[in-house]
Amino acid sequence: MTHKSVIQRLDDAANWTGVPKLAGLVEKRRRSMRWLPIVPLLLAFAGVTLCFARESGFPPGYIAVVFGFSLSVWMPMFGPLKPWGAAAENADERERELRRRAFLVTLWVVAMFGVVSLMMVPAVAEILGWTMDRLTRAMMALGMALFTVFNALPTLYASWATRPLPDEED
Amino acid sequence: MILYNRIALFRAERGLTRKALAEAVDVNPQTIGYLERGDYKPSLELAMKIAAIFGIAIEHLFSFEPFPSVAVALRHADAAE
C-alpha cells in the first residue's frame, strides 16, 4: 500500500473530479473529431426548422436546439483545437494557424447565417402573421443554433483540415 | 506549391525522436509529424531553427523540387569518385 501525504490525496481528489482538466491546468489528449460535431449541428438545424414549422404547443424543436447546444459545448474541450490562453496547452505555430483558419471560417458562417436570419425571420413573421410569443421562441432557437455553430464548426473544420497522424512511432 | 523536406531523413540519421526534435525547436511533436508528411509548411523561423539543429543549410532541408532518393544520391556520389 502506498502512503500519500494529505496534500497528495487532496490533489488526487481534485484531479478525480476532472475540474483541473476542464480548466486547462492539465495537458489533455486532443483528438480529431470528424463526425461527432455534425450531430449538434444537425440537431440545431432540425430544431430551428421545427420551431419555425410548429405553431404552438410543447416545443420539441426547442428541445432539440438546446440538446444540440449542450452537446456542442463539449467539442472545444476535446477537439483538435487548443483554446486561447490555456496555461497548460501551449499552441505552436501550426496549431495557431489552424485555429485562426477554423475560426475565420466559423465566424464567416455565423455572420452570414445571422445576417440572413435577421432579414428573413421578421419578413416571414410579418407574412405569416406570427404572434410575438412565436417570434420570440423562433429567435431564441435561432440564437442558440448560432451558438452551436460557433462551438462545433471550428472542431469540425480543424478535424477535416488535417489528416490524423498515426501514433508516435518513437 | 509543394515544399519538399528531408526532416525525417536527417532526424533518423541523427537518432532524434520526433519529441526530442520538437522540444529542441519549441513545437509540439505532432507538428514535426505534419512537417515530415508535407502537410504543413513551416515559418521561416521554424525552418531555420530545424536546419540549425541539424547543422545544415536550410536549402539542404527544404526544396521546391523533390529531393533525390538516398540510393540515387549514393550512385551519383560513387560516379563522382
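Residues numbered from 1 in each chain as written. Chains lettered and ligands numbered in written order. Predicted model: local features only at pLDDT ≥ 70, side-chain atom pairs only at ≥ 80, totals over all residues. Heavy atoms only, no water.

K.L.:
Before we go on, may I ask you to explain the packing of helix α3 (residues 38-53) of chain A against helix α4 (residues 60-72) of chain A in this structure?
P.N.:
Geometry of a packed helix pair, given as the angle between the helix axes and the separation of the axes. Residue and element names in this part refer to chain A. In contact at an axis separation of 7 Å, α3 and α4 are set at 160 degrees when each is read in the N-to-C sense. With respect to α4, the axis of α3 lies roughly antiparallel. Both α3 and α4 take part in a crossing whose hand is left-handed. Note on element contacts: α4 touches α3 through P60, G61, Y62, A64, V65, F67, G68, L71 and S72, opposite V39, P40, L43, A44, G47, V48, L50 and C51. Per-class residue counts for the contact of α3 with α4 are 13 nonpolar, four polar and no charged. (Axes fitted to C-alpha atoms, helices over the stretch in contact; angles between N-to-C directions. Helix = DSSP H or I, 4+ residues; strand = E, 2+ residues; numbered from the N terminus. Parallel < 35°, antiparallel > 145°, perpendicular 65-115°, else oblique. Left-handed = near helix turned anticlockwise from the far one by under 90°. Contact = heavy atoms within 4.5 Å. Nonpolar A, V, L, I, M, F, W, Y, C, P; charged D, E, K, R; others polar.)

K.L.:
Explain the environment of I53 of chain B here, please?
P.N.:
Residue and element names in this part refer to chain B. In this structure, I53 sits in helix α4 (residues 44-54). Residue classification places I53 among the partly exposed residues on the basis of a relative accessible area of 37%. Along the sequence, I53 and Y34 sit 19 residues apart, while their C-alpha atoms lie 18 Å from each other. (Buried < 20%, exposed > 50% of the residue type's maximum accessible area, 1.4 Å probe, protein only.)

K.L.:
Mind showing me how you'd approach the interface of chain B and chain A here?
P.N.:
A common measure of how large an interface is: the accessible area buried when the components associate. Contacts between the two partners involve 16 residues from chain B, matched on the other side by 14 residues from chain A. Here chain B and chain A share an interface that buries about 1,400 Å² over both sides, 40% of which is from carbon and sulfur atoms. When the area that chain B buries against chain A is broken down by residue, the three leading residues are R18, Y34 and R37 of chain B, summing to 39%. Where chain B packs against chain A, one counts one salt bridge. The partner of D39 of chain B in a salt bridge is R163 of chain A, with the nearest N and O atoms 3.0 Å apart. Taken together, the connections running from chain B to chain A amount to eleven residue pairs in polar contact (both at pLDDT 80 or more). By residue number, the principal contributor to the side of chain B that touches chain A is helix α3 (residues 29-37) of chain B, which donates six residues. (Buried area = accessible area lost by both parts, 1.4 Å probe. Salt bridge = Lys/Arg side-chain N within 4 Å of Asp/Glu carboxyl O. Polar contact = N/O pair within 3.5 Å; in protein donor to acceptor, adjacent residues only side chain to side chain.)

K.L.:
Hey, could you run me through the confidence of the model for chain B in this one?
P.N.:
Atomic detail in the predicted coordinates should be set aside for any region of low pLDDT. Residue and element names in this part refer to chain B. Per-residue pLDDT for chain B averages 91, and the proportion of residues at 70 or more is 100%. Helix α5 (residues 70-80) is the least confidently modelled element of chain B, averaging 81 in pLDDT, while α4 averages 96, the highest of any element. This complex was scored by the predictor with a pTM of 0.79 and an ipTM of 0.83. (pLDDT = per-residue confidence, 0-100.)

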